[in-house]
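Each chain, written out:
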Amino acid sequence: MPSTDLTKLRENLRRRIVAHPPHNPDFPGTSAGNPGPDGSWTDIDYADKSRGIWSPRQHLLKTHALALRSFIENDRDVRVGALAALGWWFEHDPVSLNWWHNQIGTPRLLAQSLLLLGEYAPAPLLAASRPVFERCGDFFLAEDKVTRHPTIWTGANRLWISANRLLAGALFGDETLIADAIAAALQEIRVSSSTEEGIQVDASFHQHGPLLYNGGYGVAFLDECLFFLESTHDTR
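This text gives an overview of the structure that appears in the document. Please read all numbers here as calculations on a predicted model, not as lab measurements.

### Overview of the environment of Ile 72
Line of reasoning, step 1. Residue placement: Ile 72 occurs in helix α2 (residues 57–73).
Line of reasoning, step 2. The class for Ile 72 is exposed, based on a relative accessible area of 56%.
Line of reasoning, step 3. For the pair Ile 72 and Phe 228, spaced 156 residues apart in sequence, the C-alpha separation works out to 23 Å.

### Notes on the packing of helix α4 (residues 99–117) against helix α5 (residues 123–134)
Line of reasoning, step 1. Between α4 and α5, whose axes approach to 10 Å, the crossing angle comes to 160 degrees. The orientation of α4 with respect to α5, classified from their angle, is roughly antiparallel. Handedness of the α4/α5 crossing: left-handed. Where α4 approaches α5, its residues Thr 106, Pro 107, Leu 110, Ala 111 and Leu 114 are matched on the opposing element by Leu 125, Leu 126, Ser 129, Val 132 and Phe 133.
Line of reasoning, step 2. Tallied by class, the residues present in the contact of α4 with α5 amount to eight nonpolar, two polar and no charged.

### Considerations on the pattern of salt bridges
Line of reasoning, step 1. For the structure on display, the rule yields 10 salt bridges.
Line of reasoning, step 2. A salt bridge links Arg 236 to Asp 5; the nearest nitrogen and oxygen atoms lie 2.8 Å apart. Taken together, the positions of Arg 236 in the segment after α8 (217–231) and Asp 5 in helix α1 (residues 4–19) put the pair 231 residues apart, joining distant regions of the chain.
Line of reasoning, step 3. A salt bridge links Asp 93 to Arg 135, with the nearest nitrogen and oxygen atoms 2.4 Å apart. A residue pair is termed long-range when its members are at least 10 positions apart, and Asp 93 in the loop between α3 (76–92) and α4 and Arg 135 in the loop between α5 and β1 (139–141) qualify at 42 residues.

### Overview of the state of the cysteines
Line of reasoning, step 1. Enumeration over the complete set of coordinates arrives at zero disulfides.
Line of reasoning, step 2. The thiol of Cys 136 is unpaired, and the distance to the nearest cysteine sulfur, on Cys 225, comes to 18 Å.
Line of reasoning, step 3. For Cys 225, a relative accessible area of 14% corresponds to the buried category.

### Here's the deal with the side chain of Thr 63
Line of reasoning, step 1. When you line up the elements, Thr 63 lands in helix α2.
Line of reasoning, step 2. Setting aside anything within four residues of it in sequence, one finds Thr 63 in contact with Trp 41, Ala 82, Ala 85, Leu 86 and Ser 113.

### Regarding the sheet that holds strand β5 (residues 211–212)
Line of reasoning, step 1. The antiparallel open sheet is built from three strands, whose spatial order is β3-β4-β5. The open sheet has two free edges, formed respectively by β3 (198–199) and β5, since each of these has just one partner strand.
Line of reasoning, step 2. Looking at chain direction, strand β4 (residues 205–207) and β5 are connected through two bridges and run antiparallel. Across the sheet, residue Gln 207 finds its bridge partner in β5, namely Leu 211.

Definitions and limits used
Residues numbered from 1 in each chain as written. Predicted model: local features only at pLDDT ≥ 70, side-chain atom pairs only at ≥ 80, totals over all residues. Heavy atoms only, no water. Helix = DSSP H or I, 4+ residues; strand = E, 2+ residues; numbered from the N terminus. Buried < 20%, exposed > 50% of the residue type's maximum accessible area, 1.4 Å probe, protein only. Axes fitted to C-alpha atoms, helices over the stretch in contact; angles between N-to-C directions. Parallel < 35°, antiparallel > 145°, perpendicular 65-115°, else oblique. Left-handed = near helix turned anticlockwise from the far one by under 90°. Contact = heavy atoms within 4.5 Å. Nonpolar A, V, L, I, M, F, W, Y, C, P; charged D, E, K, R; others polar. Salt bridge = Lys/Arg side-chain N within 4 Å of Asp/Glu carboxyl O. Disulfide = S-S within 2.5 Å. Pairing = 2+ DSSP bridges.

Next comes the structure, spelled out in C-alpha cells:
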C-alpha cells in the first residue's frame, strides 16, 4: 500500500499534468485519434532519428493526448488506445540521435501518460517501461559514443532529468529515487558562481557556458522549479 506522501505526490503530479499539457511547437495540431491495431500510427516516420524535429515524438504526443482524455472523460475506448500505443513504444523503443529526446523528452511524456492511466496500466506494461526511465540515470548511446549521466548536467538540463526521475519514482513507488531526484534538483536551485551555468548573481540565467539564456533554458528552469514546488506540496 502506498504511503500517504506517495499518494499525495501522485495526486499533485496528475493535477499538474492536466493543467499543463505538453508544449508542442514542432507538431502543431497533432491528431489524437486512436492508433491502429498494433498500437502505431501510419502517418509517423518511425525510422527517423533526427536530432531536432524527431518524427516519432508525434507518437508520444498522441499517446499523451489519449491518456489525458481518458483520465478526464473516463473513456474506456480511448484508454484502450493509449495502452496499445504505450505497448507499441516499449516493444520497439525508438531512439533519436539527440540525447535530449532519449533522456528528457521521451521519458517525460511516457511517465505522464502512465501516471494518468494509473491503475489501468497493467504490471507487465510498467515492467516494460523501465528501460526508458533508466535512461534518466546512466545512458550510453552508441551513435553518440558518450555516456550521459544525470550528475554531469547543470541548469535546466539537470532539473529536467531530476523531474523525470521524480516522475519515475512516483510511477514505481520508489521513494529512494524520489528523494534522490528532489535532492539533485535542490542542489541546482541556487545562485551559481560566475564560472557556472544556472542562476547568476544579477538574476540572469546562463546555459551552454557563459551564454545569456533568460528565455528558453531560463524559462524552462523556472517552470521546473514550479514543478517541484507543486508536485511535493503537502508531502514531507
